[in-house]
Structure formats: C-alpha cells, structure tokens
Amino acid sequence: MKLKLILIAILTIVSVNCISQTTYESGYYITTNNEKVPCLILNNDWLNNPTAISVKLTENEEPKTVSIETIKEFEIIGKNKYQKHTVNIDRSSNFLNLLDSNRNPIFKEEQLFLKVLIEGKANLYVYNANNIEKFFFSVNNAKIEQLVYKSYLSNENQVLKNNNFRQQIFTNLKCSDISINDVQNIDYKSNKLIDIFVKYNKCTNAQFTNYEVKNNKGTFNLYFKAGIKSASLDIKNSVSKLKETDFGNKVGIRVGVEAEIFLHFNNNKWAIIIEPTYQNFTSKKETTTLKSEVDYKSIEIPFGVRHYMYVNQSSKLFINGFVLMDFNLNSTMKFKRQYDSTLDIKSGTNIAFGIGYNYNEKVSLEFRYHSDRDLLTNYVSWDSTYKSMSFIIGYSIL
C-alpha cells in the first residue's frame, strides 16, 4: 500500500511537471521567405533534431507551434542553433543486428534540420534521429558533406569500420597546428570532433562560435549523504513457528557518497546516480522460550536515474528510481533456546524510489522508500521481510 502511494505521488509530480514546466528563452527564427522573427522559443534541449518548435512573440502571448518545413533556421541565443540544409546522408546504423556487408555509405539526398555545433571558417553540424548520429561539415562556405563513419560486416562476419571521416578532416582542415597524429586516432564523437574544428578555427585566426560550450558545473556532482533510516524486520519459518520473530521498527543511520552524472540533453534534467552507503539494523527480542537478536550491517549500492524539475534558477525538485545491490558485513541472526543457532544474512536485490529538493546544486533533501528485502536468501525454509524508508541530507563536496 505504501509503495502504491509513493508511485502515485511520483506520477502526479511528473504529470504536473510535464504540463506546467515551460522555459521560453530569447531567440529568433528565419522563414523560408528570409524574414527574421525575434521571439521566445521553448528550450527543450533536444536529444533528437526537432521537427517543430513552440514559440511566443511576447511573454504574455499564447504559444504557437512552428513546423521546420516553414522555416530555415532558428536559434535560442547563445545555446542552440539549427539550420535547414539539403545534404546527402547515409542512414546506416551501428547496431550489430542492422549491419550490412557494404563498406561504402549509401547516400540519399534529403532536406534536414542540422544542429550547428561550430560555426566559423570551418562549420560542424550533427543530425540525431532514430538512434543514428551523423556529423556534417563545410569549410569556407563550401557544400556541406557528411563525415563518413560506417560499421560493416566482413565475409567472416567480423565488424569492421570505415573511418573515412579522418581522411576528410585531414584533407580539408589543413593547418600547421593539426598533424596527422591529431587526426589518425580521432573518434567519431561530438566532443572529439568539436575539439579539432575549434583547433582549426583558432589556427586560421577565424571568428567562430562554439554552441556546445558547457558550464562544467552540472556535468558531474559528488555529494556526501547522511540520513536517518526507519526500518523493520519480520522473519518466518515454514517448518517451525517457534523461532519466528518480529524485530519491530528501529531507527538507524545511513552514511554514503553519491556520484551524479548528468546526461547532456533536456537541459540537464536527467542524471545517472550511484550511491555507495553504509547502513545497519540491530534489534533484540526475548520471550519466555526464545531470545533472538539480529546484527545486520551492509554496504548498499543503489544505481539509478534521477529526473529534475526546475522551480527557479537555484531550486529544483527531483524524483529517483533505483535498483539496490546489498553487500552484508558479517551480519547474522542468533537464536538462544534449548540449543543456540545462528543464521548468516545474505540479502537479495530490491528497488527504491525517492522524492526530494535540491538548492543550488549544493544542498539536497530527500525522502526515499525501499521495497521489501529478503535477508535470508540462503535458507529455503526461512523467509524475511526487511522494510525501510529514509530521510537523507546531501551536501556537495565536488
């Protein structure tokens, strides 16, 4: 029941966020008739190249949708810029099950909206859609070409690479500061290609704009996390009820470190989280016939995803979803009756959900609910239910 309530709360917050959270930023679009229209554009920090944009001419005006078919360029000033170009594109995939045996790209002429990464004497563009990422370039306003990179299968079904983009770069970006060594091992990745195009524009003293300059803050965060955990444990035995024990609810501490790695799309609203944490649960129960005690200490390693919802520039709400692996530290359950017995604790994997608040990427507060965990997975006749929820405070240390 508690888990259902948590899920309902999280879904409600996400729904409200999706409906109400809009950030329109200063920009413009250029129509196919070459009319430049200053406006406010909804900044979705698109993962895939957009097919339409939402714009407002003034802050108080109702937004309208503008199809990219009716415009040839738009820019959110200083952040994102897209241009429509007619180019030859090879849409081959790098997924193993979609590879063919043709080394050469198969080009098809298409009109595409390309994201501008570098704009100067040498321009770099990218196109993302349907799980493909293709880079394009031009130098001195020449025709835009695709940088060719293709995976293909040999006759022996080995995966080979056509890395012709390296030769294209070396041939077209001639500069004293760029050597064959700079190019021959370059990867077909945004950050590597941006570096080489920036280097060329600097080398030729060209004015250029790097639209992918990111604030380093927000790429990676490291938090010290401490909190209070409320937990309960109930154990049962399918053979004998004599050792069944309800250890009740106990309040303990949890201490850990959280690494947060942002995914660079959708305005840093998504992050991957890993949070090694020490936690413990100790309890004793005594009846006229049985003394029971548990000493459970472990390192939990939650691994999951976080989604942020911005309140303002310094405040944001977030929700988490985790899978937890648990590594116990010589943890046991002991029973004293006519004969003493000891059970070694070995726990299973469970999941957790959290909801919280972050201020200025410096301090965070979070409530987290954990699904039930079995601590006696080594024993067929035993069943245990470990339940917990936590209140966690985080402080940025990096």
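Data block above holds the structure.
Just so we're clear, the structure is a prediction, and the values are computed from it rather than from any experiment.

Calculation rules
Residues numbered from 1 in each chain as written. Predicted model: local features only at pLDDT ≥ 70, side-chain atom pairs only at ≥ 80, totals over all residues. Heavy atoms only, no water. Disulfide = S-S within 2.5 Å. Helix = DSSP H or I, 4+ residues; strand = E, 2+ residues; numbered from the N terminus. Buried < 20%, exposed > 50% of the residue type's maximum accessible area, 1.4 Å probe, protein only. Salt bridge = Lys/Arg side-chain N within 4 Å of Asp/Glu carboxyl O. Phe/Tyr/Trp six-rings, centres within 6.5 Å; stacked < 30°, edge-to-face > 60°. Lys NZ or Arg CZ within 6 Å of the ring centre and 35° of its normal. Core = buried A, V, L, I, M, F, W, Y, C linked by side-chain atoms within 4.5 Å. Contact = heavy atoms within 4.5 Å.

Caption draft 1: How the structure looks around the state of the cysteines. A full pass over the atoms with the stated rule returns 1 disulfide. With a sulfur-sulfur separation of 1.4 Å, C175 is cross-linked through a disulfide to C203. Handedness here is read from the sign of the S-S torsion; for C175 and C203, about 115°, the answer is right-handed. Here C175 is found in the loop between α2 (164-172) and α3 (180-184), whereas its partner C203 is found in helix α4 (residues 190-203), with 28 residues between them in sequence. Take C203: its relative accessible area is 19%, and that puts it in the buried class.

Caption draft 2: Quick look at the pattern of salt bridges. Applying the stated criterion to the full structure yields 21 salt bridges. The partner of D295 in a salt bridge is K297, with the nearest N and O atoms 3.0 Å apart. The exposure class of D295 is partly exposed, given its relative accessible area of 29%. Relative accessible area serves as the criterion here: at 23%, K297 is assigned to the partly exposed category. Of the charged contacts, one joins R373 and D326 as a salt bridge, the two residues approaching to 3.4 Å between their closest N and O atoms. Linking R373 in strand β23 (residues 363-373) with D326 in strand β19 (residues 315-328), this pair joins segments that are 47 residues apart in sequence. When sorted by exposure, R373 lands in the same class as D326, which is buried. Among the charged side chains, a salt-bridge network with shared partners connects K225, R254, E258, E260, E275, R306, E366 and R368.

Caption draft 3: Focus on the packing of aromatic side chains. Scanning the entire structure with this criterion turns up 14 aromatic pairs. When the ring of F281 is compared with that of Y386, the centres are 5.7 Å apart and the planes differ by 80°; the resulting orientation is edge-to-face. Taken as a pair, F281 in strand β17 (residues 277-286) and Y386 in strand β24 (residues 382-396) lie far apart in primary sequence, 105 residues in all. Classification of F281 by relative accessible area gives buried; the value is 2%. What links up through ring pairs into an aromatic cluster is the set W46, F74, Y82 and F113. We note K174 situated over the ring of F170; from NZ or CZ to the ring centre the distance is 4.1 Å. Looking at R306, its charged tip hangs above the ring of F318, at a distance of 4.5 Å from the centre.

Caption draft 4: Quick look at the nonpolar core. If you look at the biggest cluster of nonpolar residues, it comprises 25 residues, and the most contacted ones within it are L124, L147, L173, L193 and F197. Counting residues per element, the ones that place at least two in this core are β7 (108-119), β8 (122-129), β9 (132-139), α2 and α4. For this core, the element with the most residues is α4, which contributes 7 residues. Residues contacting L147, with those up to four places away along its chain left out, are L124, F135, F136, F137, F165, Q168, I169, Y188, L193 and F197. In this structure, V294, F335, L376 and W382 belong to the second largest nonpolar core, which totals 16 residues.

By themselves, these are just geometric observations and shouldn't be taken as functional.
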